[in-house]
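Chain by chain, the residues run as shown.
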Amino acid sequence: MAAATTSSSLLGSSRIGSRFNMSGLHSDSLNPTSISFSSNLSALSLKSSGSKGQLYSRGKGSVVITQSMDRVEVDISLSPRVNSVKPSKTVAITDQATALVQAGVPVIRLAAGEPDFDTPAPIAEAGKNAIREGHTRYTPNAGTMELRSAICHKLKEENGLLYTPDQIVVSNGAKQSIVQAVLAVCSPGDEVLIPAPYWVSYPEMARMADATPVILPTSISEDFLLDPKLLESKLSEKSRLLILCSPSNPTGSVYPRKLLEEIAEIVARQPRLLVISDEIYEHIIYAPATHTSFASLPGMWDRTLTVNGFSKAFAMTGWRLGYIAGPKHFVSACNKLQSQFTSGASSISQKAAVAALGLGYAGGEAVAKMVKAFRERRDFLVRSFGEIDGVKISEPRGAFYLFIDLSSYYGVVVDGFGTISNSESLCRYLLDRAQVALVPGDAFGDDTCIRISYAASLSTLQAAVERIKKALVSLRPPVSV
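Thoughts on the overall build of the chain
1) Next: When helices and strands are counted, the chain shows 13 helices and 18 strands.
2) Next: Burial statistics for the chain: of 481 residues in total, 47% are counted as buried.
3) Next: Pairs at least 24 residues apart make up 70% of the contacts formed inside the chain by residues separated by at least 6 positions.
4) Next: Entry remark: accessible area of the chain is about 23500 Å², with carbon and sulfur atoms responsible for 53%.

A look at helix α13 (residues 458-473)
1) Next: Here α13 contains 16 residues, and its C-alpha end-to-end distance of 22 Å stays within 8% of the 22 Å for a straight helix at 1.5 Å per residue.
2) Next: Burial in α13 covers these residues: Leu461, Ala464, Val465, Ile468, Ala471 and Leu472. Taken around the axis of α13, the buried residues stretch over an arc of 130°, which confines them to a single face. Looking at α13, the residues exposed on the side facing more than 90 degrees away from the buried face are Lys470 and Val473.
3) Next: At its buried positions, α13 is contacted by β5 (108-109), α11 (364-385), α12 (423-434), β16 (436-437) and β18 (449-453).

Side note on the side chain of Ser253
1) Next: Relative to the helices and strands, Ser253 resides in the loop between β9 (239-245) and α8 (257-268).
2) Next: Take Ser253: its relative accessible area is 4%, and that puts it in the buried class.
3) Next: Engagement of the side chain of Ser253 in a polar contact is seen with the backbone oxygen of Asp223, the distance being 2.5 Å.
4) Next: Apart from the residues lying within four places of it in its own chain, the contact partners of Ser253 are Asp223, Phe224, Leu225, Ser246, Pro247 and Ser248.

Quick notes on the sheet that holds strand β6 (residues 168-171)
1) Next: Taken together, seven strands build an open sheet; the order of strands is β6-β12-β11-β10-β9-β7-β8 and the sheet is mixed. Pairing within the sheet leaves two strands with one partner each, and these edge strands are β6 and β8 (212-217). Between one strand axis and the next, the sheet turns through 20° on average, direction left out of account.
2) Next: Here β9 pairs with strand β10 (residues 274-278) via five bridges, running parallel. When the bridges of β10 are listed, Leu242 appears paired with Val275.
3) Next: Running at roughly 160° to strand β11 (residues 304-309), helix α5 (residues 174-185) makes contact with β6, β9, β10, β11 and β12 (322-325) of the sheet.

Overview of the packing of α5 against helix α9 (residues 328-341)
In a pair of packed helices, the angle between the axes and the distance between the axes together describe the arrangement.
1) Next: One way to put it is that α5 packs onto α9 with a least axis distance of 9 Å and a crossing angle of 110°. For the element pair α5 / α9, the angle class is roughly perpendicular. Where α5 crosses over α9, the two elements pack in a sense that is right-handed. Residues Gln176, Gln180, Ala181, Leu183, Ala184 and Val185 of α5 form the contact with α9, whose participating residues are Phe330, Ala333, Cys334, Leu337, Gln338 and Phe341.

Conventions and cut-offs
- Residues numbered from 1 in each chain as written.
- Predicted model: local features only at pLDDT ≥ 70, side-chain atom pairs only at ≥ 80, totals over all residues.
- Heavy atoms only, no water.
- Helix = DSSP H or I, 4+ residues; strand = E, 2+ residues; numbered from the N terminus.
- Buried < 20%, exposed > 50% of the residue type's maximum accessible area, 1.4 Å probe, protein only.
- Contact = heavy atoms within 4.5 Å.
- Areas by Shrake-Rupley, 256 points an atom, 1.4 Å probe, with all protein chains shown as cover.
- Expected span 1.5 Å × (residues − 1).
- Arc of directions from axis to C-beta.
- Polar contact = N/O pair within 3.5 Å; in protein donor to acceptor, adjacent residues only side chain to side chain.
- Pairing = 2+ DSSP bridges.
- Axes fitted to C-alpha atoms, helices over the stretch in contact; angles between N-to-C directions.
- Parallel < 35°, antiparallel > 145°, perpendicular 65-115°, else oblique.
- Left-handed = near helix turned anticlockwise from the far one by under 90°.

This is the structure we're talking about:
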């Protein structure tokens, strides 16, 4: 290190003025492309040239401070674990669409998986009361006994599952519950089996645990349901986890009990294989479809980690609350991880969740009204897209997503835009020409499709369909369907 000479004194006073500029928001990026800082320092300034720098101050009664030093480059490398993880496209597109709206572009946003309803009043009021009554302190790491007991009651009455409060961990959203479960049970080199289309985060969670995601493709002609024979063919001594999501994000598919029983028979023959059953959309289901909890099947309780939460059915996305239920050995491991990650979830949200579970079976009338609206929207979209040439549809049985195959439009060259070659370019085209934000299917492991969230008002969906139809009408499907 170069020698430094320093003489010091107390500086009388200094003022620092600064200016921050951010510019360059583009449609293919959520981040500013340039950030510049400039500062006018009256009493303190920094001069830099090459690898040397001088720091000095001048003012009445002050002594000059001078220092020279070698310039040291900062190591900005990231861990291999972070570099292995892909960013969420659903979050990216939602943020991008929001930025366009804030800039005055009339974009219709159908990318986010978030109900457009307000949290039901009794739940919101319970949250307000929690604040008024002083329930604003830390809770036990695994969640309050009141809420965990209410969850146990819900699982018994609605799902036929018996748990005790020490077999429940409440987290900051179902996403945290899932990632903690993956981290708790997977070792480096283990395999996590994931049917595709899948929720965008499943493969990345496996990678964060140094495990390998093994993707099991499904078909729109089979309603995107996993073929048990394919599952069996992909099993190995490294197979550690199977992740099932029913009702499904992004397809809306619901696994019938008979198919789940076939899958359970295969799982039962594998001593190392556990199952994460993601049931966050459990109550958003359209008759005659019915929900079956995987842990309720013969022999599956001991090897199933059931994940659920409050975001979707109760319109509580911002309250950030989910939970996991399972054998104590595994759930305790999740609890240990949480104690070092975030500790317990919000005390206020937990009070609100108790109120949510008190609304009645399956959320009572408040949830039933939302499900009725979702069904009307689904029916409208299925009917509308069924009228468009070159579209394949699997009618959703649950959740609030339509996952439609528009691959017949791939290969079309559009003047002033370019070639529509995949789901991402098609979504860019629809954002550019129709000003509708959708999510490309490649984010979910199926590049033939795009995902439309119908968690928006019927009038908004009607406007979006009209825009999409106009944008597609000039595209002639190169392949007959």
